Amino acid sequence: MPVKDASGTFSGYRASNRDITERKLAEEDLGRSRRALEEEIDRRRTAQEALAESEADLKRAQDVAAIGSWKLDIPGDVLTWSDAVYDIFGMPRDEDLHYGSFLEAVHPDDRDLVKRSWRLALGGVPYDIEHRILVDGAVKWVREKAEVDFSPDGSPLTGTGIVQDITRRKAAENEQHKLRQSLAQVSQLSTAGELTTTLAHEINQPLAAILANAQAARHMIDEPRPDLAELRETLDDIISDDKRAREVVQRVRGIMKKDGGAFERMEIAGLIQETVRLVEKEAFIRNVGIRMESDPSLPQVVVDRIQIQQVLINLLFNAMEAMADGGPDRGITVRSAMNDEGRVVVAVEDTGKGIAPEEAAQLFEPFYTTKQGGLGLGLSISRSIVEAHGGKLFVRPNPRGGAVFSFTLQAAQGSAR
Ligand code: ADP
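Remember, it's a predicted structure, so these values are computed and weren't measured experimentally. (Residues numbered from 1 in each chain as written. Predicted model: local features only at pLDDT ≥ 70, side-chain atom pairs only at ≥ 80, totals over all residues. Heavy atoms only, no water.)

**Q** What is the right way to read helix H10 (residues 378–388) from this model?
**A** Because an α-helix completes one turn every 3.6 residues, residues spaced three or four positions apart along the sequence face the same direction. Of the positions making up H10, those classed as buried are Leu379, Ser380, Ile381, Ser382, Ile385 and Val386. Where H10 ends, the next residue or the one after it, Gly390, has phi of about 80°, a positive value. (Buried < 20%, exposed > 50% of the residue type's maximum accessible area, 1.4 Å probe, protein only. Helix = DSSP H or I, 4+ residues; strand = E, 2+ residues; numbered from the N terminus.)

Spelled out as structure tokens, the structure:
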């Protein structure tokens, strides 16, 4: 807009100048607010990304920990599960759920526990329990935490909780339990060995009585008119002493064969693997590596799993102990192969202190030990177990230094490959 001064002379385009200035200002304003907006958008995007990321993190963490969450609308009996819970329970995502559908999936033996806990929660006591569920017939373990929210008048409104799949942890605990049991059995066997000594003299007593009575009986029949009544009595004594000795032996046998000797047909490689797993932690602590080498074409064996495990555990512990003050390359190799006679041979090779030739014969004697606090029964018990399986346990030097303890087992009939 033309601007004139007081005299009316044109003095320029102030207005337009002002227009430009205003436009510029407006543009600047606009620019500022656009930038602010962009910044805001950026901020929100970052926040959203962070949120998405933390949600993803949470989901990942939940996936790793196999945790899911659930909510139960108590009055309406509508149960809502997070995806992870569907996965844990192995159910399709579109399944309509209510409390009963959850309860149905609970292992029948644990339903009482779950119901009791839920009743407590309805009474205002949150719970944190572990129970089993059945997923397509397979047993899974879950940890279940739950609590109930109440309306102001005290009636239960919603239950919320988390479910965690703890099947793997339970399996590990189970394994630990088995290890403890096995070790307990080893000590039971050792106790049985100690018991044998104590009981040996209990057997000696009847044996001595039998001998004395037998000699007496012989004198009696040498007499011209033997006292038959006394002879009968003496023979009865012999019989009852013999019975007593037999009972003592059976008692020891009973203790040695805790499990009643359940012989099963199995792959020796699997049994070795299972046993090595039991001592793995101990080996790790002692910095000993255990390698397994199995001939894949080995026939099956028929063994008492627990007893052969005892033998392997004894040999593995002896091997570890023989390497206690050894060098850095401590290692055990458990090899299974077939020998020339068609028997399965299991060898536990160590690189420990080895065995002096004059020592070799004594090792298997009961109570021979070079260890402080050793019982000297492991090898003698192992040998009797192997022999009860129709096999042999022997030792030879390891060409790489150390010792190799091997035992043979008969191949199961008709299982040669
Ligand atoms: P202990 O419980 O005392 O070890 P064992 O009957 O198992 O009883 O072993 C008897 C002895 O045999 C041990 O004290 C040890 O001197 C020797 N021995 C066993 N295994 C080995 C091995 N792998 N290397 C060297 N010596 C061994």
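**Q** Would you take a moment to explain the pairing of strand S5 (residues 127–135) for this structure?
**A** The side chains of a regular strand alternate, first on one face of the sheet and then on the other. Judged by which residues are buried, S5 turns out to be one-sided: Tyr127, Ile129, His131, Ile133 and Val135 face inward and are buried, whereas Asp128, Glu130, Arg132 and Leu134, on the alternate face, are not. Inspection of the sheet shows S5 paired to strand S6 (residues 138–150) by nine bridges, in the antiparallel sense. In the strand pairing of S6, Leu134 is matched with Val139. Between S5 and the antiparallel strand that follows it, S6, lie two residues; Asp136 among them carries a positive phi value of about 50°. (Pairing = 2+ DSSP bridges.)

**Q** Got a minute to help me understand the nonpolar core in this structure?
**A** Taken as a class, soluble globular proteins show a tendency for nonpolar side chains to be buried jointly. Grouped together as the largest cluster of nonpolar side chains are 41 residues, with contacts concentrated most on Ile268, Ile332, Val334 and Phe407. Elements supplying a minimum of two residues to this core: helix H7 (268–285), strand S10 (301–304), helix H8 (305–322), strand S11 (331–338), strand S12 (344–349), H10, strand S13 (393–397) and strand S14 (403–409). Among the elements that make up this core, the one with the highest residue count is H8 (nine residues). Those residues within four positions of Ile268 in sequence are excluded, and the remaining contacts are Leu298, Val301, Ser336, Val344, Val346 and Leu409. Counting 27 residues, the second largest nonpolar core, distinct from the first, contains Trp81, Phe89, Trp118 and Ala146. (Core = buried A, V, L, I, M, F, W, Y, C linked by side-chain atoms within 4.5 Å. Contact = heavy atoms within 4.5 Å.)

**Q** Can you help me understand the packing of aromatic side chains in this one?
**A** Geometry of an aromatic ring pair is reported as the spacing of the ring centres plus the angle between the planes. Considering all chains together, one arrives at seven aromatic pairs under this definition. Their ring planes at 75° and their centres at 5.3 Å tell us that Trp81 and Tyr86 sit as a pair that is edge-to-face. Grouping residues by exposure puts Trp81 and Tyr86 together as buried. Ring-pair connections join several aromatic residues into one group, and the members of that group are Trp70, Trp81, Tyr86, Phe89, Tyr99, Phe102 and Trp118. Of note, Lys170 hangs over the ring of Trp141, and the distance from its end group to the ring centre comes to 4.3 Å. Arg383 extends its terminal NZ or CZ atom over the ring of Phe364, reaching a point 3.8 Å from the ring centre. (Phe/Tyr/Trp six-rings, centres within 6.5 Å; stacked < 30°, edge-to-face > 60°. Lys NZ or Arg CZ within 6 Å of the ring centre and 35° of its normal.)

**Q** Looking at this structure, I do not really get the site of the ligand. What am I missing?
**A** Within the structure, the ligand sits among 20 residues, and Asp350, Thr369, Thr370, Lys371 and Leu379 are positioned closest to it. In the model, a nitrogen atom of the ligand is placed 2.8 Å from a nitrogen or oxygen of the Asp350 side chain. Among the elements of the structure, H8 and H10 are those that each provide at least two residues to the shell around the ligand. The greatest single-element share of the shell around the ligand, amounting to three residues, is contributed by H8. Taken together, the residues of the shell around the ligand sort by class into nine nonpolar, seven polar and four charged. (Near = heavy atom within 4 Å. Polar contact = N/O pair within 3.5 Å; in protein donor to acceptor, adjacent residues only side chain to side chain. Nonpolar A, V, L, I, M, F, W, Y, C, P; charged D, E, K, R; others polar.)

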